[in-house]
Amino acid sequence: MFRTSILCAALVLLAACQEEEVAETSEPPVRALKTITIEEVEETTTRRYPSVLQPGSISTLSFEVSGRLKEVDLNVGQRVSQGDLIAELDTTSLEIQVETAQASLDEANSLAK
């Protein structure tokens, strides 16, 4: 009988422990929440990389006579082929040079007669 009463007492104590555990776990655990405050930042970072850009090939263009450019019909990176008009000289200075040369010739011819 003594064993039976010890067994009953042990069962009562075990049952009481289980009820306390259930009571403790009935509330959900508090979980941590990581928060970040986002603020407006006016500072900007500009990165500069010193370098020199060079084209793959260089073409030197020139006219047979000197003068001012009237029109340039060429864009950066545009492909051109032989015979395409890419720039035009102002003909005013050339016409003045021709008239000056003609006047000098006429003057030389008049003095020679």
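Residues numbered from 1 in each chain as written. Predicted model: local features only at pLDDT ≥ 70, side-chain atom pairs only at ≥ 80, totals over all residues. Heavy atoms only, no water.

Trainee: I'm lost on a nonpolar patch on the surface in this one. Help?
Mentor: Where nonpolar side chains cluster on the molecular surface, the patch consists of L61, F63, L69, V72, L74 and V80 and spans about 550 Å² of accessible area. Within the fold, L74 resides in the loop between β1 (69-72) and β2 (87-89). (Patch = residues over 30% accessible without salt bridge, like charges linked within 9 Å, V, L, I, M, F, W, Y side chains within 5 Å. Areas by Shrake-Rupley, 256 points an atom, 1.4 Å probe, with all protein chains shown as cover. Salt bridge = Lys/Arg side-chain N within 4 Å of Asp/Glu carboxyl O. Helix = DSSP H or I, 4+ residues; strand = E, 2+ residues; numbered from the N terminus.)

Trainee: Would you take a moment to explain the layout of surface pockets for this structure?
Mentor: Summary: where empty space remains is shown by rolling a probe the size of a single water molecule over the atoms. If you add up the space inside the largest pocket, you get close to 680 Å³. Lining the largest pocket are 22 residues, with S59, L61, L74, V80 and I86 positioned closest to its centre. (1 Å grid on protein atoms, 1.4 Å probe; cavity = no way out; pocket = protein on both sides within 12 Å on 5 of 7 lines; lining within 4 Å. Points joined across faces, edges and corners; volume = space filled by probe spheres on them.)

Trainee: I tried to follow the confidence of the model for the chain on my own but got confused; where do I start?
Mentor: Residues shown with low pLDDT carry predicted positions that ought not to be read at fine detail. Overall, the prediction assigns the chain a mean pLDDT of 79, with 88% of residues at 70 or greater. Confidence, expressed as mean pLDDT per element, reaches its minimum in the chain at helix α1 (residues 2-25) with 64 and its maximum at helix α2 (residues 92-112) with 90. (pLDDT = per-residue confidence, 0-100.)

Trainee: Hey, could you run me through the environment of L69 in this one?
Mentor: Tracing the backbone through its elements, the reader meets L69 in strand β1. Note on L69: relative accessible area 49%, which makes it partly exposed. Through-space distance from the C-alpha of L69 to that of A87 is 7.1 Å; in sequence the pair is 18 residues apart. When sequence neighbours within four positions are dropped, the list of residues in contact with L69 reads F63, A87, E88, L89 and D90. (Buried < 20%, exposed > 50% of the residue type's maximum accessible area, 1.4 Å probe, protein only. Contact = heavy atoms within 4.5 Å.)

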